Every structure is written in structure tokens, then in C-alpha cells.
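So you can see what is in the structure, the chains are spelled out below.
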Amino acid sequence: MNRRDDILLVDGYNMIGAWPMLEKLKEHDLEDARDKLLDMLADYQGFTGMKVYVVFDAYFVPGIGATYRQHKLTVIYTKEKETADECIERLCAELSSRRRNIYVATSDMIEQHVAFGQGALRVSARELLIDIGQNRKDIEQTLREDKPTKRNSVDSRVNLETWSKLERMRRGEK
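Quick summary incoming for the structure in this document. Please read all numbers here as calculations on a predicted model, not as lab measurements. (Residues numbered from 1 in each chain as written. Predicted model: local features only at pLDDT ≥ 70, side-chain atom pairs only at ≥ 80, totals over all residues. Heavy atoms only, no water.)

Some remarks on the overall build of the protein
Phase 1: Counting its secondary structure elements, the protein contains seven helices and six strands.
Phase 2: Along the protein, from the amino end to the carboxyl end, the secondary structure elements read β-α-α-α-β-β-β-α-β-α-β-α-α.
Phase 3: Taken across its 174 residues, the protein has 34% of its residues classed as buried.
Phase 4: Summarising the internal contacts of the protein: among those between residues at least 6 apart in sequence, 54% fall at separations of at least 24.
Phase 5: Surface accessibility of the protein: about 11400 Å² in total, with carbon and sulfur atoms responsible for 51%. (Helix = DSSP H or I, 4+ residues; strand = E, 2+ residues; numbered from the N terminus. Buried < 20%, exposed > 50% of the residue type's maximum accessible area, 1.4 Å probe, protein only. Contact = heavy atoms within 4.5 Å. Areas by Shrake-Rupley, 256 points an atom, 1.4 Å probe, with all protein chains shown as cover.)

In C-alpha cells form, the structure reads like this:
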């Protein structure tokens with residue numbers, strides 16, 4: 001999965017329940033587990049260029065649902081009496097296009113079959129976690145390889161007069 005126009009729809013609570021470190025975190029604080037998931041998916045989105053939607057089930061929570069942006073992710077809390085699976089199915093239909101693939105990340109077998117029916121591609125929770133881990137390794141490797149040999153600072157390019165003016169400005173002097 002590494003195509004810029006592609007979309008990844010993630011069943012948020014399904015990932016939290018399936019990824020050991022988030023499952024453990026959830027036992028103490030569900031909000032921390034959600035935040036950690038969103039951080040990981042934001043990094044993944046930044047590396048792959050895919051547009052990531054994270055859907056959290058608010059089936060038993062009264063209200064009209066909510067959609068907001070966090071870390072450039074689209075985070076959706078479903079409407080009252082709408083499951084995450086139903087929301088993901090709706091998004092599959094709304095977002096489908098010939099020019100992009102839609103991936104659905106869930107380990108719910110029924111949801112996987114419905115996603116196939118909508119033309120989406122399945123990614124299990126395990127596969128996504130492995131892909132995120134591999135991307136992290138790739139980023140670390142790239143950073144190690146691309147380390148500049150010489151520090152690229154402004155010091156060598158700014159004359160003393162300009163430095164003096166900047167320092168006076170910093171201190172609030174005229």
C-alpha cells in the first residue's frame with residue numbers, strides 16, 4: 001500500500017482490541033489508547049501518502065456523530081445507532097473511484113466480506129500493524145542514510161552587523 005490517491009478506512013476500536021500494546025493501554029485509559037492509535041496512523045499517513053479515515057463506534061452514545069481532523073487524519077465518531085461497520089460501508093460507497101483503491105482495516109470477518117462487496121480491499125489488523133512497523137524501520141533507515149555530514153546553519157551566512165540587529169530585536173531594543 002503506497003499510492004497517493006488511495007484511501008485507508010480504519011475501524012478504530014477493532015485496531016485497539018487487536019494490537020497488543022493498545023489493548024494493554026486500553027485497560028488503563030481508553031482515551032490514551034485512541035490517541036496512540038491516531039499518532040501511529042498519522043505517521044503512517046504521512047509516510048504512505050494515503051488518506052486515512054479512522055472510524056470509532058459511538059452506537060450507544062446519543063447524538064448525531066462527529067467528524068473532525070486530528071494530525072491531518074479524518075476521525076469519525078458514528079451517529080447514534082450507527083455502527084463503525086455501517087459507517088465504513090457507507091464511506092466505501094461514497095469514496096469509491098476508478099482512480100484509487102480503498103482499503104478497509106478491520107479483523108471483523110463480516111465487515112471484510114461487506115467491504116469486498118463494495119469493491120474495497122481488506123487489510124487485517126495484524127497486516128496493518130506489520131506495515132506500520134515496516135514503515136517506521138524504513139524512515140529510521142532513511143534518516144540514518146541521509147544524515148548531513150556538515151551542519152547546515154545560518155551562522156556561516158549571516159554577517160556580524162545582521163546578527164547584532166537580530167539580537168537587539170530579540171531583546172526588544174531599537
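Describing the state of the cysteines
Each disulfide consists of a covalent bond between the sulfur atoms of two cysteine residues.
Phase 1: Going through the model one piece at a time under the given rule, you end up with zero disulfides.
Phase 2: Residue Cys 87 stays outside any disulfide, its sulfur separated by 9.8 Å from that of Cys 92, the closest cysteine. (Disulfide = S-S within 2.5 Å.)

Concerning helix α4 (residues 84-95)
Residue pairs spaced three or four apart in an α-helix point in one direction, given the helix's 3.6 residues per turn.
Phase 1: Counted at 1.5 Å a residue, the expected span for α4 with its twelve residues is 16 Å, and the 16 Å between its end C-alpha atoms agrees.
Phase 2: Looking at α4, one finds that the buried residues are Ala 84, Asp 85, Cys 87, Ile 88, Leu 91, Cys 92 and Leu 95. Mapping the buried residues of α4 onto a view down its axis gives an arc of 160°, with all of them on the same face. (Expected span 1.5 Å × (residues − 1). Arc of directions from axis to C-beta.)

As for the packing of helix α3 (residues 30-48) against helix α6 (residues 125-145)
Phase 1: Their axes nearest at 10 Å, the elements α3 and α6 cross at an angle of 65°. Handedness of the crossing formed by α3 with α6: left-handed. Side by side, α3 and α6 meet where Met 40, Leu 41, Asp 43, Tyr 44, Phe 47 and Thr 48 of the first sit next to Leu 128, Leu 129, Asp 131, Ile 132, Asn 135, Arg 136, Asp 138 and Ile 139 of the second.
Phase 2: Among the residues making up the contact of α3 with α6, the classes are represented as eight nonpolar, two polar and four charged. (Axes fitted to C-alpha atoms, helices over the stretch in contact; angles between N-to-C directions. Left-handed = near helix turned anticlockwise from the far one by under 90°. Nonpolar A, V, L, I, M, F, W, Y, C, P; charged D, E, K, R; others polar.)

Focus: the packing of helix α2 (residues 20-28) against α3
Phase 1: Here α2 crosses α3 at 150°, and the two axes come no closer than 6 Å. The angle between α2 and α3 falls in the class roughly antiparallel. Judged by residue contacts, Met 21, Leu 22, Leu 25, Lys 26 and His 28 of α2 engage Leu 30, Asp 32, Ala 33, Lys 36, Leu 37 and Met 40 from α3.
Phase 2: Considering only residue class, the contact of α2 with α3 consists of seven nonpolar, one polar and three charged. (Parallel < 35°, antiparallel > 145°, perpendicular 65-115°, else oblique.)

Some points on a nonpolar patch on the surface
Phase 1: The grouping of Leu 160, Trp 163, Leu 166 and Met 169 at the surface amounts to a nonpolar patch, some 450 Å² of accessible area in total.
Phase 2: Structurally, Leu 160 is set in helix α7 (residues 160-171).
Phase 3: Among the residues examined, Leu 160 registers a relative accessible area of 67% and is labelled exposed. (Patch = residues over 30% accessible without salt bridge, like charges linked within 9 Å, V, L, I, M, F, W, Y side chains within 5 Å. Salt bridge = Lys/Arg side-chain N within 4 Å of Asp/Glu carboxyl O.)

What to know about the nonpolar core
Phase 1: Within the largest apolar cluster, 25 residues are counted, with the highest numbers of intra-cluster contacts made by Leu 8, Trp 19, Leu 37, Leu 41 and Leu 128.
Phase 2: Of all the elements in the fold, those that place two or more residues in this core are β1 (7-11), α1 (12-18), α3, β2 (51-56), β4 (73-77), β5 (102-105) and α6.
Phase 3: Per-element accounting of this core gives the leading share, seven residues, to α3.
Phase 4: Leaving out residues up to four positions away in the same chain, Leu 8 has contacts with Tyr 44, Met 50, Lys 51, Val 52, Tyr 53, Tyr 103, Ala 105 and Leu 128.
Phase 5: Counting 14 residues, the second-largest nonpolar core is a separate cluster that includes Leu 9, Ile 76, Ala 84 and Val 104. (Core = buried A, V, L, I, M, F, W, Y, C linked by side-chain atoms within 4.5 Å.)

A few points about the environment of Gly 17
Phase 1: Here Gly 17 lies in helix α1.
Phase 2: Residue class for Gly 17 comes out partly exposed when judged on its relative accessible area of 41%.
Phase 3: When the C-alpha positions of Gly 17 and Ser 107 are compared, they lie 9.7 Å apart, and in sequence the two are 90 residues distant.

Bear in mind that shape data such as this cannot, by itself, settle questions of function.
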